[in-house]
Amino acid sequence: MKKKWNLDGPDGNIKYWHDLRKEPRSFFNRQSGGGHVMVWTAFGFNGEVGLAFLDGRQNSPKCIETLENHLMPFSENIGERNWEYQHDNAPTHTSSATKNYLNSKNVTVLEWPPISPDLNPIENVRGIVSRKVYENGGQFYSVNAFIQTFIESAWYKLELEILQTLIMSMEKRVYGVLLKNGKTLNY
């Protein structure tokens, strides 16, 4: 998962749901959302992979560095078990350099269509983590506090059962998309 979180809220938006019986909260909106944090992570049936906080625009060499430092240690921990790497077909993931790197590490990449969030359980994880990060209309004053207090605690508090359920739902997701001839599923 590669996700950008803004310090001022999701995509700089300052709207939120609140209890009408309580006073609404006041928010400020800084230019460019007050800053942001770009995070890469992944998960498997037995849990999550550590977080990688990314700097700057991502390219193939940076993608390979992230995979080397975060995905490969995770794969070594699960040993010789069968596993497949699923990504979102972003250009940095599908470049020949990244493909060659993954091939050299004997990583099997799950083939699937681009721009298909119905087939990608990490999209559900992004939503869960984002809701925890921004609950109660949270805004943050520094990147370090944002990272330590909110993103890490939201990510590492994910329940293993949620991750396992998402992985187990893959067959149903694929079947549903096939039945709808590739159209979006209604949940």
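Rules used throughout
- Residues numbered from 1 in each chain as written.
- Predicted model: local features only at pLDDT ≥ 70, side-chain atom pairs only at ≥ 80, totals over all residues.
- Heavy atoms only, no water.
- Helix = DSSP H or I, 4+ residues; strand = E, 2+ residues; numbered from the N terminus.
- Buried < 20%, exposed > 50% of the residue type's maximum accessible area, 1.4 Å probe, protein only.
- Contact = heavy atoms within 4.5 Å.
- Areas by Shrake-Rupley, 256 points an atom, 1.4 Å probe, with all protein chains shown as cover.
- Core = buried A, V, L, I, M, F, W, Y, C linked by side-chain atoms within 4.5 Å.
- pLDDT = per-residue confidence, 0-100.

A look at the overall build of the protein
On a plain count of helices and strands, the protein comes out with 7 helices and 5 strands. When its helices and strands are written in sequence order, the protein yields β-β-β-β-β-α-α-α-α-α-α-α. In the protein, buried positions account for 40% of the 187 residues. Of the contacts formed within the protein by residues at least 6 apart in sequence, a portion of 70% connects residues at least 24 apart. When the accessible area of the protein is evaluated, it comes to approximately 12000 Å², of which 52% is carbon and sulfur surface.

Quick notes on the nonpolar core
Membership of the largest hydrophobic core comes to 19 residues, with the highest contact counts inside it found for Val125 and Val133. Contributions of two or more residues to this core are made by β2 (36–40), α4 (121–133), α5 (143–156) and α6 (160–168). Counting 15 residues, the second largest nonpolar core, distinct from the first, contains Val49, Leu54, Cys63 and Tyr85.

Regarding the confidence of the model for the protein
Of all residues in the protein, 73% attain a pLDDT of 70 or more, and the chain-wide mean is 78. Averaged pLDDT values for the elements of the protein fall to 64 in strand β1 (residues 2–6) and rise to 96 in helix α3 (residues 96–104). Below a pLDDT of 50 lies the segment residues 12–18, which in the model reaches 14 contacts outside its immediate sequence neighbourhood of four places, other chains included.

Some words on unusual backbone geometry
The phi torsion at Asn89 lies on the positive side, around 65°, for a residue other than glycine. Mapping Asn89 onto the fold places it in the loop between α1 (60–77) and α2 (91–94). The phi torsion at Asn106 lies on the positive side, around 60°, for a residue other than glycine. Among the structural elements, Asn106 can be located in the loop between α3 and α4.

Here we look at the environment of Leu119
Residue placement: Leu119 occurs in the loop between α3 and α4. On the basis of relative accessible area, Leu119 is assigned to the buried category, the value being 8%. Sequence separation between Leu119 and Val174 is 55 residues, and the spatial gap between their C-alpha atoms is 6.4 Å. Beyond its immediate chain neighbours, meaning those up to four positions away, Leu119 contacts Gln86, Trp112, Pro113, Met170, Arg173, Val174 and Val177.

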